[in-house]
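Structural characterization, general
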Amino acid sequence: MSHSSILLVVLVLSFSAALSELCNPQDKQTLLQIKKELGNPSNLSSWIPHTDCCNNNWEGVTCGSETESYRVYELDFSDVYLPKPHPIPPSIGNLPYLKTLYINMMPNIVDTIPSTIAKLTNLRHLSIKYTSISGQIPLFLSQMKTLESINFSNNKLSGKLPAWLPSLPNIYSISLDSNRFSGAIPYSFGSFREGFALLSLSDNRLTGKIPATLGKLDLKLVDLSKNMLEGDASLLFGSAKHSDTIRLANNMFAFDLGKVGLSKNLMILDVSHNRLYGMLPKGLTSLKDLLSLDVSYNNLCGEIPQGGKMKGFYDSAYAHNKCLCGSPLPSCKPF
Ligand SMILES: *[C@@H]1O[C@H](CO)[C@@H](O)[C@H](O)[C@H]1NC(C)=O
Ligand SMILES: *[C@@H]1O[C@H](CO)[C@@H](O)[C@H](O)[C@H]1NC(C)=O
């Protein structure tokens with residue numbers, strides 16, 4: 001074959017390779033720009049320019065189906081090692097079909113959440129965990145009406161909890177655990193839409209009483225542990241609710257635990273290290289799914305209800321109260 005016909009064959013082959021490629025050219029260009037903005041980390045060595053970004057070989061990249069025109073809809077940066085600090089790549093905002101964005105276990109991700117994120121008008125799940133991002137939760141996230149879940153746990157975020165969070169029309173889950181948020185839980189948090197199910201704010205610097213409006217919510221999971229919250233949290237309970245996890249440990253809550261109604265779905269109840277008083281609710285014995293119970297370090301009194309799943313808990317679950325008694329603690333003194 002002559003040189004020119006070899007050239008022709010090469011051209012035809014590379015042309016057909018480009019034709020059979022599913023990756024959208026703009027998405028590919030954006031992904032390569034993101035890689036550059038992260039300093040070309042070795043974990044992303046599978047992001048090779050002349051290969052198809054939708055062939056499942058590009059680490060963390062998932063494309064939609066044919067009906068979704070194979071646009072990139074999920075980006076998962078988990079445990080991508082960065083030798084030097086970098087902000088979240090602003091180019092991420094140029095993946096308009098993105099539904100899920102995970103940035104996880106990347107301690108060298110720094111600075112604030114970039115405003116280009118607000119361009120992701122299809123984003124449903126935003127998860128930035130175990131990074132060093134800081135600053136406040138930016139107001140531009142309030143424009144992202146498609147958001148269903150936000151998980152910003154284990155970062156260095158600070159400031160007050162944004163009062164606008166409940167205005168997200170599709171939100172069902174918010175986790176802001178292990179950051180530096182301060183101030184009170186906003187009154188507006190009572191107006192999360194019906195269907196809002198998970199609120200996790202543990203290990204921050206939240207203070208004050210929890211707003212009574214929160215009693216209107218039917219939360220599957222509520223975790224307010226490790227803050228400096230005080231007053232009545234009994235409004236989070238209720239026999240008509242569907243809670244499976246209630247964690248209030250390590251605060252200064254003070255209310256009569258004996259008077260709360262218990263969700264039939266309750267699996268985990270941790271109210272340890274507070275100032276709760278009264279007796280243990282009798283209803284504990286009829287909870288079929290109760291897996292974990294901790295009421296230690298409170299001011300509770302009276303006989304521990306016997307029966308049901310209560311057999312499975314050790315004395316440590318009841319330790320350091322005012323006068324709890326009965327198995328597994330010493331028996332109650334006869335009057
Ligand atoms: C990224 O690379 C580091 C070593 O540099 C390795 O420990 C880690 O498991 C890699 N992460 C992934 C997601 O492959
Ligand atoms: C948010 O991320 C943390 C840390 O990985 C995890 O434990 C928690 O369950 C997540 N929250 C939700 C609601 O999925």
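Rules and cut-offs
- Residues numbered from 1 in each chain as written.
- Chains lettered and ligands numbered in written order.
- Predicted model: local features only at pLDDT ≥ 70, side-chain atom pairs only at ≥ 80, totals over all residues.
- Heavy atoms only, no water.
- UniProt positions renumbered as here; feature names shortened; annotations may be inferred.
- Helix = DSSP H or I, 4+ residues; strand = E, 2+ residues; numbered from the N terminus.
- Buried < 20%, exposed > 50% of the residue type's maximum accessible area, 1.4 Å probe, protein only.
- Contact = heavy atoms within 4.5 Å.
- Areas by Shrake-Rupley, 256 points an atom, 1.4 Å probe, with all protein chains shown as cover.
- Near = heavy atom within 4 Å.
- Polar contact = N/O pair within 3.5 Å; in protein donor to acceptor, adjacent residues only side chain to side chain.
- Pairing = 2+ DSSP bridges.
- Nonpolar A, V, L, I, M, F, W, Y, C, P; charged D, E, K, R; others polar.
- Disulfide = S-S within 2.5 Å.
- Core = buried A, V, L, I, M, F, W, Y, C linked by side-chain atoms within 4.5 Å.
- Domains from an automatic or database assignment.

The chain is annotated in an unreviewed UniProt entry as Leucine-rich repeat-containing N-terminal plant-type domain-containing protein of Psophocarpus tetragonolobus. Among the UniProt annotations of the chain, the heading Subcellular location (unreviewed entry) holds the following wording: "Membrane".

**Considerations on the overall build of the chain**
For the chain, the helix and strand inventory stands at two helices and 21 strands. C-alpha extents for the chain along the principal axes are approximately 110 × 35 × 35 Å. Looking at the chain as a whole, 47% of its 335 residues are labelled buried. Within the chain, contacts between residues separated by at least 24 positions form 47% of all contacts whose residues are at least 6 apart in sequence. Carbon together with sulfur atoms contributes 55% to the accessible area of the chain, which is approximately 16400 Å² in total.

**A few points about the UniProt feature "domain: Leucine-rich repeat-containing N-terminal plant-type" (unreviewed entry) in the chain**
The UniProt entry lists residues 25-63 under the feature "domain: Leucine-rich repeat-containing N-terminal plant-type" (unreviewed entry), expressed in the numbering used here. Structurally, residues 25-63 is divided into 33% helix and 8% strand, and its ends, taken at the C-alpha atoms, are 13 Å apart.

**Re the site of ligand 1**
Around ligand 1, the neighbouring residues are Asn43, Glu59, Ser78 and Asp79. Between ligand 1 and the protein, one listed contact pairs an oxygen atom with a side-chain N or O atom of Asn43 at 2.5 Å. In the model, a nitrogen atom of ligand 1 is placed 3.0 Å from a nitrogen or oxygen of the Asp79 main chain. Isolated, ligand 1 exposes 360 Å² of accessible area, and the fraction of that covered by the protein chains is 47%.

**A closer look at the side chain of Asn321**
By the secondary structure assignment, Asn321 is in the loop between β20 (301-303) and β21 (323-325). From its side chain, Asn321 meets the backbone oxygen of Tyr318 in a polar contact 3.0 Å long. Those residues in contact with Asn321 that sit more than four places away from it in its chain are Val295, Ser296, Tyr297, Asn298, Asn299 and Leu300.

**Re the side chain of Ser296**
Position of Ser296 among the secondary structure elements: in the loop between β19 (292-294) and β20. With relative accessibility at 5%, the residue Ser296 sits in the buried group. In terms of polar contacts, Ser296 uses its side chain to reach the side chain of Asp294, at 2.7 Å. Not counting the four nearest positions on each side in its chain, Ser296 is found in contact with Ser272, His273, Ser316, Ala317, Tyr318, Ala319, His320 and Asn321.

**As for the sheet that holds strand β9 (residues 156-160)**
Here we have six strands laid out as an open sheet, ordered β7-β9-β11-β13-β15-β17, and parallel in their pairing. Single-partner strands in this sheet number two, and they are β7 (134-135) and β17 (252-253). The pairing of β7 with β9 spans two bridges and is parallel. Each residue of the ladder has a partner; that of Gly135, found in β9, is Leu157.

**Some points on the site of ligand 2**
If you check the shell around ligand 2, you find Lys129, Tyr130, Asn151, Ser153, Ser173, Ser175 and Leu198 and nothing else. Within the side chain of Asn151, an N or O atom sits 2.4 Å from an oxygen atom of ligand 2. Within the side chain of Ser153, a nitrogen or oxygen atom sits 3.4 Å from an oxygen atom of ligand 2. Contact with the protein chains covers 52% of the free accessible surface of ligand 2, which is 360 Å². Counting residues per element, the ones that place at least two in the shell around ligand 2 are β6 (125-131) and β10 (173-175). Residue classes in the shell around ligand 2 are distributed as two nonpolar, four polar and one charged.

**Side note on the state of the cysteines**
As enumerated under the stated definition, the model contains four disulfides in all. A sulfur-sulfur distance of 2.1 Å marks the disulfide that ties Cys54 to Cys63. Between Cys54 and Cys63, the S-S dihedral sits near -85°, and the bridge is therefore left-handed. Disulfide pairing is shown between Cys301 and Cys323; the S-S distance is 1.4 Å. Across the S-S bond linking Cys301 and Cys323, the dihedral sits near -85°, which makes this disulfide left-handed. Linking Cys301 in strand β20 with Cys323 in strand β21, this pair joins segments that are 22 residues apart in sequence. The class for Cys301 is partly exposed, based on a relative accessible area of 24%.

**Overview of the nonpolar core**
Membership of the largest hydrophobic core comes to 91 residues, with the highest contact counts inside it found for Leu75, Phe77, Ile92 and Tyr318. If you list the elements that add at least two residues to this core, you get α2 (25-37), β1 (61-63), β2 (72-78), β4 (100-106) and β6. When we break this core down by domain, the ones giving at least three residues each are domain 1 (19-159) and domain 2 (167-335). Beyond its immediate stretch of four places on either side in the chain, Leu75 contacts Leu31, Ile34, Trp47, Gly60, Val61, Ile92, Leu95, Leu98, Thr100, Leu101 and Tyr102.

**What to know about the environment of Ser178**
Mapped onto the fold, Ser178 is located in the loop between β10 and β11 (180-183). Residue Ser178 is classed as buried on the basis of its relative accessible area of 19%. Spatially, the C-alpha atom of Ser178 lies 6.7 Å from that of Asn155, the residues being 23 residues apart in sequence. Ignoring any residue separated from it by four or fewer positions in sequence, one finds Ser178 in contact with Asn154, Asn155, Ser202, Asp203 and Asn204.

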